[in-house]
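# Analysis of the macromolecular model
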Amino acid sequence: MNITETLTTTVAAVLKQLYGIEQSADSIVLQDTRKEFRGDYTLVVFPYVKQARKAPEAVGAEIGEAVKAALPLVAGYNVVKGFLNLEIADSYWLQFVAEKAADGNFGLSTPAAESAPVVVEYSSPNTNKPLHLGHIRNNLLGWSVSQLLTAAGADVRKVNLVNDRGIHICKSMLAWLRYGNGETPESSGMKGDHLVGKYYVEFDKHYKEEVKQLMESGVEEEQAKREAPLMVEAQSMLKRWEEGDKEVRALWEKMNGWVYAGFDETYARLGVGFDKVYYESQTYLLGKELVQKGLGMGVLFRKEDGSVWCDLTGDGLDQKLLLRKDGTSVYMTQDLGTALLRHNDFGAERLIYVVGNEQDYHFKVLKLILGKLGFSWADKVYHLSYGMVELPNGKMKSREGTVVDADDLIDEMEKTAEEMSREHGKNDDLSDEERKHLYHILALGALKYFILKVDPTKNMLFNPAESIDFNGNTGPFIQYTHARIRSIVRKAEESGVKLTGNGEWKVMMTEKERGVVKALHALPETVMAAAAAYSPAMIANYAYELAKAFNSFYQDTPILRESDEQTKAFRVQLCAFVANALKNTMNILGIEVPERM
RNA sequence: GGCCCUGUAGCUCAGCUGGAUAGAGCGAGAGUCUUCUAAACUCUAGGUCCUGCGUUCGAGUCGCAGCAGGGUCACCA
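In what follows, the accompanying structure is described. (Residues numbered from 1 in each chain as written. Chains lettered and ligands numbered in written order. Predicted model: local features only at pLDDT ≥ 70, side-chain atom pairs only at ≥ 80, totals over all residues. Heavy atoms only, no water.)

### Looking at the packing of helix H19 (residues 511-521) against helix H21 (residues 536-556)
Following both chains from N to C, one finds H19 and H21 inclined at 160°, their axes separated by 9 Å at the closest point. The angle between H19 and H21 places the two elements in the roughly antiparallel class. In terms of crossing hand, the pair formed by H19 and H21 is left-handed. Note on element contacts: H21 touches H19 through Tyr542, Leu546, Ala549, Phe550, Ser552, Phe553 and Asp556, opposite Lys512, Glu513, Gly515, Val516, Ala519 and Leu520. Grouping the constituent residues of the contact of H19 with H21 by class yields eight nonpolar, two polar and three charged. (Axes fitted to C-alpha atoms, helices over the stretch in contact; angles between N-to-C directions. Helix = DSSP H or I, 4+ residues; strand = E, 2+ residues; numbered from the N terminus. Parallel < 35°, antiparallel > 145°, perpendicular 65-115°, else oblique. Left-handed = near helix turned anticlockwise from the far one by under 90°. Contact = heavy atoms within 4.5 Å. Nonpolar A, V, L, I, M, F, W, Y, C, P; charged D, E, K, R; others polar.)

### Some details on the protein's contact with RNA strand B
The full set close to RNA strand B counts 67 residues, and Phe83, Arg324, His424, Lys426 and Tyr480 are the nearest of them. Near the protein, meaning within 4 Å, the atoms of RNA strand B are sugar or phosphate in a fraction of 63%, with bases accounting for the rest. A distance of 3.0 Å is found between a phosphate oxygen of RNA strand B and a backbone nitrogen or oxygen belonging to Gly472. Elements supplying a minimum of two residues to the surface near RNA strand B: strand S2 (41-44), helix H2 (46-52), strand S4 (83-88), helix H16 (406-424), strand S14 (460-461), helix H18 (475-494) and H21. Partitioned by chemical class, the residues of the surface near RNA strand B number 27 nonpolar, 19 polar and 21 charged. (Near = heavy atom within 4 Å. Polar contact = N/O pair within 3.5 Å; in protein donor to acceptor, adjacent residues only side chain to side chain.)

### A look at the sheet that holds strand S8 (residues 300-302)
Read across the open sheet, the three strands follow the order S8-S9-S10; overall the sheet is antiparallel. Only two strands of the sheet have a single partner each, and these edge strands are S8 and strand S10 (319-323). Averaged over all pairs of adjacent strands, the angle between their axes in this sheet comes to 35°, without regard to strand direction. Pairing geometry for S8 and strand S9 (residues 308-311), over three bridges, is antiparallel. The residue of S9 that forms the bridge with Arg302 is Val308. Sheet strands in contact with helix H13 (residues 286-297) are S8, S9 and S10, and its direction is about 90° off that of S8. (Pairing = 2+ DSSP bridges.)

### Topic: the packing of helix H17 (residues 432-452) against H18
Across the interface, H17 lies against H18 with an axial gap of 7 Å and an inter-helix angle of 130°. Here H17 is positioned oblique relative to H18, judged by the angle of their axes. The segment H17 lies against H18, with Ile441, Leu442, Gly445, Ala446 and Tyr449 engaging Gly475, Pro476, Ile478 and Gln479. Considering only residue class, the contact of H17 with H18 consists of six nonpolar, three polar and no charged.

### Re the packing of aromatic side chains
Applying the stated criterion across every chain, the model contains 20 aromatic pairs. Look at Phe96 and Phe577: their rings are 5.6 Å apart centre to centre, the planes differ by 40°, and that puts the pair in the tilted class. In this pair, Phe96 sits in helix H4 (residues 90-100) while Phe577 sits in helix H22 (residues 565-588), placing the two residues 481 residues apart along the sequence. A relative accessible area of 8% places Phe96 in the buried class. Centre to centre, the rings of Tyr267 and Phe274 are 5.2 Å apart; their planes meet at 75°, and the pair counts as edge-to-face. Tyr267 sits in the buried class, given a relative accessible area of 7%. Connected via pairs of aromatic rings, a cluster forms that spans Tyr122, Phe263, Tyr267 and Phe274. (Phe/Tyr/Trp six-rings, centres within 6.5 Å; stacked < 30°, edge-to-face > 60°. Buried < 20%, exposed > 50% of the residue type's maximum accessible area, 1.4 Å probe, protein only.)

In structure tokens:
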């Protein structure tokens, strides 16, 4: 039983005994005492004054007295208006440090042996252009949520569903055939995904020109868009692809290969990865069988033209197309199929999709249809819907050239990290390789923290004109705090300070030390709460609070300079504890922490 | 137009299931390095929590209405 449970069960018993109030322990909420008051946990007594028939102050005092008498770890209490502030004995905090400081996995749970896995799908790129800032948010969130659920005790499998087929790929292929002159990543020195993206843009340029000419010759816009020669040819290429045309398939494989090599490089730089990669080209037909089954079950219906639909009007939605009249499948059809495939592949307890909130409707429909098809696991599908990344003048638009490219952004961050580091000039003794690694983890630390500290469900703003900060509430701030602490711990070890972690500490804690200990104490429950909310942002905010509490302590408390050996050892132990907690929380965010910087 | 999401300091964001005088960072102003890493710390200034009504002992938080912004309503993915 943890301390809040201990306190709430005692309060529940006290309420019953004093006033005959029946209230379950888990419905009693304790909040952290605000720092301007004395105490650690606060009980709001207003809800009980009516039944107790006494003034709030009196009720608070009576409960406080009774709780103190019942629990030795409650050292005292005070009542301010209707707020009962309970003061926890230092011995409790000291014991907590003694027990947990040396635990390298503090705050992390290990998966239960028998638990079914949780499958997290994220990234899921199209293979016609390179990754951009929106993908970065997706990838960082997907990776971090996976880490977070793992930290909360889940057995996580990360999967990627690559959209490697479709008209968009054909556009790049066609443009490359027409205008590429055999250009390759090798011959051009371009990263493969960028090269393919270049031809996607090239297609669009020529296509627009064709549409314009058609319209000038009097063709309606709709028709011009449909009948422009390039579009017609792209469509026919797609058809040939579906028929298995050797030439088309060979080109498709070649260009996709370039893209994958490019993606792999970006994934590696971002520090993300997958346990399994699905390719839509291999799964896109799966949904069709389900549709047949659905027709047989009578939950789907066929219109006169032969197209197949699901009627969702009973659920307050529309009718949804599942097969075109020519029998080809749409996005939803494929997603139904891949959901089943994934369920069968993993026997998953949950299927999590990290996908932007622009697809909220899609997932609502997906779950409904899976349910109608009779899959009991339909409610295990969870759409982790995250907000858009907006630029100061709105959404990113590839046509307007306002897309922030992922590789460019990482390059930019690394350059900034290097400049900042050189300015500080603290790493002159590092080797070139170590220094490069440092710049990299600082760059990624700044970028990842910047993105992950924002509530995933909310849209966020990114201003390319202002580079991401390295001071204040940032990744490097926390990385710096860690490096500083490690420096102290290294020096302590060199001078032979003994960290008698399992001994009992007999020291007087300062207010700042207590603040640090309490922050540490909150880690396990923070991890569980963040996992329940799928929110790396809660972890980021926690890490920041902890780092701030430590820095404040560090600023005016001697550690290695402390003359009392017992106190010095305790403080060093506390330092090591904080460093480890920072490391573990930053790891959940996918951020590496340096030993020095 | 229907449905969904968002609206907190000049800017970017916290604020857990309703609880004390609404918090950080950046930016602005003032201090702190002969001493454990100043990418830090300490102060100051800055708010009709979009508006109104309601529920409640108590509302930034819950409900309703309105206003503003975004998303979505494809035989695209």
